[in-house]
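What follows is each chain in one-letter form.
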Amino acid sequence: MQSTVIAPSILSADFARLGDEVDAVLDAGADWVHFDVMDNHYVPNLTIGPMVCEALRRHGVTAPIDVHLMVEPVDRIVPDFARAGASLISFHPEASRHVHRTIQLIRDSGCQAGLVLNPATPVEVLDYVLEDLDMVLLMSVNPGFGGQSFIPSTLDKLRRVRAMIDARAPQVRLEIDGGVKADNIAGIAAAGADTFVAGSAIFNADDYAEVIGRMKAAVATVR
Ligand SMILES: O=C(CO)[C@@H](O)[C@H](O)COP(=O)(O)O
Ligand SMILES: [Fe+2]
């Protein structure tokens, strides 16, 4: 079984103090840094790119940086993120003309590769690539914004993807992203997730350690 990972999404951090915010969540018990990249094209929002990833590495961040690309096209920006210090790079199949080629490109760049399924993307997109992935990321909101509500049908999708992973590629992580809170994370873990992105639930809290601790304790009750 994969270890539990809590990955705060810096989309909800105070960008004016980003280095300090990342230090604070890592000191508070977070395992990874979730780095949302939006291009105002694939999604209707615009965020940060490789320069900011590199700046976090220069700032001294050594934790895995989990880059979630919401950009189209994907391939051109992959080597830039690998050079900037990304650990994992995940992308949406709708934004890549050749999904298998993009996975290879990410791995050849020295990063782990993830495929992201939007709420309406069928799980069959994994049929011919699951074994080539390091992680499947299920979106439990439509991509583009933090602070949205968890879409309940994602629980059934999590169970289906968990069964696929267990049967075919147990080394693959299953990450969930969108609307994850301390009070729904146990159900999400029970449905099969091992890697949990949470933005607003962590960065809008007064005490990062308290909320991350509550999340980890809730997950530990079911896995
Ligand atoms: O990728 C995205 C949104 O597109 C996420 O990573 C959000 O940033 C998660 O934020 P919360 O739903 O946890 O507030
Ligand atoms: Fe994300």
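In this text the structure is predicted, and so the values were computed from the model without any measurement.

Colleague: Before we go on, may I ask you to explain the UniProt feature "binding site: substrate" (unreviewed entry) in the protein chain in this structure?
Modeller: What UniProt calls "binding site: substrate" (unreviewed entry) maps, in this numbering, to S9, H68, G144, F145, G146, G147, D177, G178, G179, G199 and S200. One can find G178 in the loop between β7 (173-177) and α6 (185-190). Take G178: there are 24 C-beta atoms within 10 Å of it, and that puts it in the buried class. Once residues lying within four places of it in the same chain are set aside, the contact partners of G178 are M139, S140, V141, Q148 and F150.

Colleague: Hey, could you run me through the site of ligand 1 in this one?
Modeller: Ligand 1 sits among 22 residues. The nearest are S9, L11, G146, G199 and S200. Only β2 (33-38), β8 (195-198) and α7 (200-203) provide two or more residues apiece to the shell around ligand 1. Classifying every residue of the shell around ligand 1 by side-chain character gives eight nonpolar, twelve polar and two charged.

Colleague: Explain the sheet that holds β8 here, please?
Modeller: Backbone-to-backbone hydrogen bonds join strands into a sheet, with any given pair of strands oriented parallel or antiparallel. The eight strands are arranged β1-β8-β7-β6-β5-β4-β3-β2 in an open sheet whose pairing can be described as parallel. Two strands in the sheet have a free side with no partner beyond their single neighbour: β1 (5-8) and β2. Taking each pair of neighbouring strands and ignoring which way they run, the sheet shows an average axis angle of 25°. Judged from the five bridges that link them, strand β6 (residues 135-139) and β7 form a sheet pairing that is parallel. When the sheet's bridge partners are listed, M139 is paired in β7 with D177.

Colleague: How should I be thinking about the environment of E131 in this particular structure?
Modeller: By secondary structure assignment, the location of E131 is in the loop between β5 (112-117) and β6. Judged by C-beta crowding, with 10 C-beta atoms within 10 Å, E131 ranks as exposed. Taking the C-alpha atoms as reference, E131 lies 5.7 Å from A169; in sequence the two are 38 residues apart. Dropping the residues within four chain positions of it, E131 is found in contact with R168 and A169.

Colleague: I'm lost on the UniProt feature "active site" (unreviewed entry) in the protein chain in this one. Help?
Modeller: Per the UniProt entry, the sites bearing "active site" (unreviewed entry) are D36 and D177 in this numbering. The named residues occupy 142 residues along the chain; their greatest pairwise C-alpha distance, 10.6 Å, places them in one compact cluster. Within the secondary structure layout, D36 lies in strand β2. Inspection of the secondary structure puts D177 in strand β7.

Colleague: Explanation requested: the environment of R57 in the structure shown.
Modeller: On the secondary structure map, R57 appears in helix α2 (residues 50-59). On the neighbour-count criterion, R57 (13 C-beta atoms within 10 Å) is partly exposed. For the pair R57 and A84, spaced 27 residues apart in the sequence, the C-alpha separation amounts to 7.8 Å.

Colleague: Whenever I open this one, helix α1 (residues 18-27) confuses me. Can you help?
Modeller: Within an α-helix, residues lying three or four positions from one another point in the same direction, as the helix has 3.6 residues per turn. For α1, the full list of buried residues reads E21, V22 and V25. The buried side chains of α1 occupy one side of the element, clustering within an arc of 95° when seen end-on. Relative to its buried face, α1 has exposed residues pointing more than 90 degrees away, namely D20 and D27. Looking one or two places after α1, you find G29, whose phi comes out positive at around 115°.

Conventions and cut-offs
Residues numbered from 1 in each chain as written. Chains lettered and ligands numbered in written order. Predicted model: local features only at pLDDT ≥ 70, side-chain atom pairs only at ≥ 80, totals over all residues. UniProt positions renumbered as here; feature names shortened; annotations may be inferred. Helix = DSSP H or I, 4+ residues; strand = E, 2+ residues; numbered from the N terminus. Buried ≥ 20, exposed ≤ 12 C-beta atoms within 10 Å, placed from the backbone. Contact = placed C-beta atoms within 7 Å. Near = placed C-beta within 6 Å. Nonpolar A, V, L, I, M, F, W, Y, C, P; charged D, E, K, R; others polar. Pairing = 2+ DSSP bridges. Axes fitted to C-alpha atoms, helices over the stretch in contact; angles between N-to-C directions. Arc of directions from axis to C-beta.

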